[in-house]
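# Tertiary structure, described
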Amino acid sequence: KRQVIFDCDPGHDDAIALLLALSNENLDVKLITTSAGNQTQEKVLLNTKKLLSFIGVIDIEVARGAEKPLIRELIIADNIHGETGLDGSDLGTPLFEESKRSALEAMRELLSVTEDKLTIIATGPLTNIAILLLAYPELKEKIDCISLMGGAALGGNWTPAAEFNIYVDPEAANIVFESGVPIIMSGLDVTTQARLYKEDIERIRNIGNKTSNIIAPLLDFFSENSPPYYMSKDGYFKGAHMHDPCAVAYLIDPTIFNGITCNVSVETSGKLTTGTTVVDVNQRTGKVKNTEVLFEIDRERFVNMLVSAIGYYK
Ligand code: BDR
Ligand code: CA
């Protein structure tokens, strides 16, 4: 069983990613840390506690992460995720308190005592992970890999060139990509193929359990608020892209993805390109191949995976 630290900023697609991870028998989520991104730290932390309480998971440590990026001011995506960061459904009130330890301390202690290596899933800006790697570099060897949602080889969703998670804290992303820890990157190239059509959302609604009753309206909200995204031969798609669940789905079943291993570097000071992941698909640099970059997903199998994950809950 893979032991996991899950760093996230819920966020609609983060919420689905959490549900996917927590329902899978091969993933053992030991710790959840929250990353300021889609909304403020306060709000994403509250959303995490509400979501876990709603599904009856109240025994996993949830630890508060950094309030803002390493050196920049926080940018939030309230245009997409709403005022609460998880608009569209009422998840009720949290039934437990967050940890007394900070995300940094909780991650440090867990990594220090673990005998097997741990896997990090990161679905928000990479601030917390960068702080961990900077503060305790000796713990890198305890991390098996980091499966993250962020970046793109082609085109951005926040600026023409940059994806949101990397754009919010490019310095942090740079530290993570340069760290030497193996990275699996679910960037926009693949996550925009992981889209849910109206009929997929209906399939989820029709599961008819308590969880699908709150997830379907969240997906409706997310679909309506997501901007259209260019999909090459498929034209523009406006709807629900399941960005963050890709980072989890890869760990559950890598055979539904295709990708290549190459160097990825992060632009931190571009005139037009700050926050861009420079993906060396053509091996131009000779730099170390630090990342497995995912480019394709079997959408049908992915959707089936999500539907059975939501069916797992009450
Ligand atoms: C990423 O940005 C956030 O809005 C989503 O939760 C996802 O992690 C997509 O660019
Ligand atoms: Ca996210």
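Residues numbered from 1 in each chain as written. Chains lettered and ligands numbered in written order. Predicted model: local features only at pLDDT ≥ 70, side-chain atom pairs only at ≥ 80, totals over all residues.

Let us now look at the overall build of the chain. When its secondary structure is counted, the chain shows 12 helices and 14 strands. Against the globule reference of 20 Å for 314 residues, the chain gives a C-alpha radius of gyration of 18 Å, in line with a compact fold. Dimensions of the chain along its principal axes, counting C-alpha atoms only, are 50 × 50 × 35 Å. Within the chain, buried positions represent 51% of all 314 residues. Of all intrachain contacts in the chain linking residues separated by at least 6 positions in sequence, the fraction that spans at least 24 positions is 81%. (Helix = DSSP H or I, 4+ residues; strand = E, 2+ residues; numbered from the N terminus. Rg over C-alpha atoms; globule rule 2.2 N^0.38 Å. Buried ≥ 20, exposed ≤ 12 C-beta atoms within 10 Å, placed from the backbone. Contact = placed C-beta atoms within 7 Å.)

With their axes 7 Å apart at the nearest point, helix α1 (residues 12-23) and helix α11 (residues 243-252) run at an angle of 20° to one another. Put simply, α1 runs roughly parallel to α11. At the point where α1 passes α11, the crossing takes the right-handed sense. Where α1 approaches α11, its residues Asp13, Asp14, Ile16, Ala17, Leu20 and Ala21 are matched on the opposing element by His243, Asp244, Pro245, Ala247, Val248 and Ala249. Here the residues of the contact of α1 with α11 are counted per class, giving 8 nonpolar, 1 polar and 3 charged. (Axes fitted to C-alpha atoms, helices over the stretch in contact; angles between N-to-C directions. Parallel < 35°, antiparallel > 145°, perpendicular 65-115°, else oblique. Left-handed = near helix turned anticlockwise from the far one by under 90°. Nonpolar A, V, L, I, M, F, W, Y, C, P; charged D, E, K, R; others polar.)

Let's shift gears to the sheet that holds strand β2 (residues 27-34). The strand order β3-β2-β1-β4-β5-β6-β14-β11 describes an open sheet built from 8 strands, whose pairing is mixed. Because the sheet does not close on itself, it has two edges, and the strands there are β3 (61-63) and β11 (257-262). Shown here is a sheet whose adjacent strand axes are inclined to one another by a mean of 25°, direction ignored. Across 3 bridges, β2 lies against β3 in parallel orientation. (Pairing = 2+ DSSP bridges.)

Counting 88 residues, the largest nonpolar core has Ala21, Val176 and Cys246 as its most contacted members. No other element matches the 8 residues that α1 contributes to this core. With residues near it in sequence (within four places) discarded, Val176 still touches Leu126, Ile129, Ala130, Leu133 and Ile146. Grouped together as the second largest cluster of nonpolar side chains are 5 residues, Ala36, Leu45, Leu46 and Ala66 included. (Core = buried A, V, L, I, M, F, W, Y, C linked by C-beta atoms within 7 Å.)

Surrounding ligand 1, one finds 15 residues, the nearest of these being Gly11, Asp13, Ala77, Phe164 and His243. The set of elements that each furnish at least two residues to the shell around ligand 1 consists of α1, α6 (164-168) and α11. In terms of residue class, the shell around ligand 1 is made up of 4 nonpolar, 7 polar and 4 charged. (Near = placed C-beta within 6 Å.)

What follows is about the UniProt feature "domain: Inosine/uridine-preferring nucleoside hydrolase" (unreviewed entry) in the chain. The residues that UniProt annotates with the feature "domain: Inosine/uridine-preferring nucleoside hydrolase" (unreviewed entry) are residues 4-303. Secondary structure across residues 4-303 comprises 35% helix and 20% strand; the distance between its end C-alpha atoms is 22 Å. (UniProt positions renumbered as here; feature names shortened; annotations may be inferred.)

Moving on, we come to unusual backbone geometry. For the bond from Pro10 to Gly11, the omega torsion is -10°, close enough to zero to count as cis. In this structure, Gly11 sits in the loop between β1 (2-8) and α1. At Gln283, a position not held by glycine, the phi torsion is positive, near 55°. On the secondary structure map, Gln283 appears in the loop between β13 (277-279) and β14 (291-297). Residue class for Gln283 comes out exposed when judged on the 11 C-beta atoms lying within 10 Å of it.

A few words now on the packing of helix α9 (residues 198-205) against helix α10 (residues 210-225). Two numbers describe how α9 lies on α10: the axes approach to 8 Å, and their chain directions differ by 160°. By the angle between their directions, the pair α9 and α10 is classed as roughly antiparallel. Taken as a pair, α9 and α10 cross one another with a handedness that is left-handed. Two secondary-structure elements touch here, α9 through Ile201, Ile204 and Arg205 and α10 through Ser212, Ile215, Ala216, Leu219 and Asp220. Broken down by class, the residue content of the contact of α9 with α10 amounts to 5 nonpolar, 1 polar and 2 charged.

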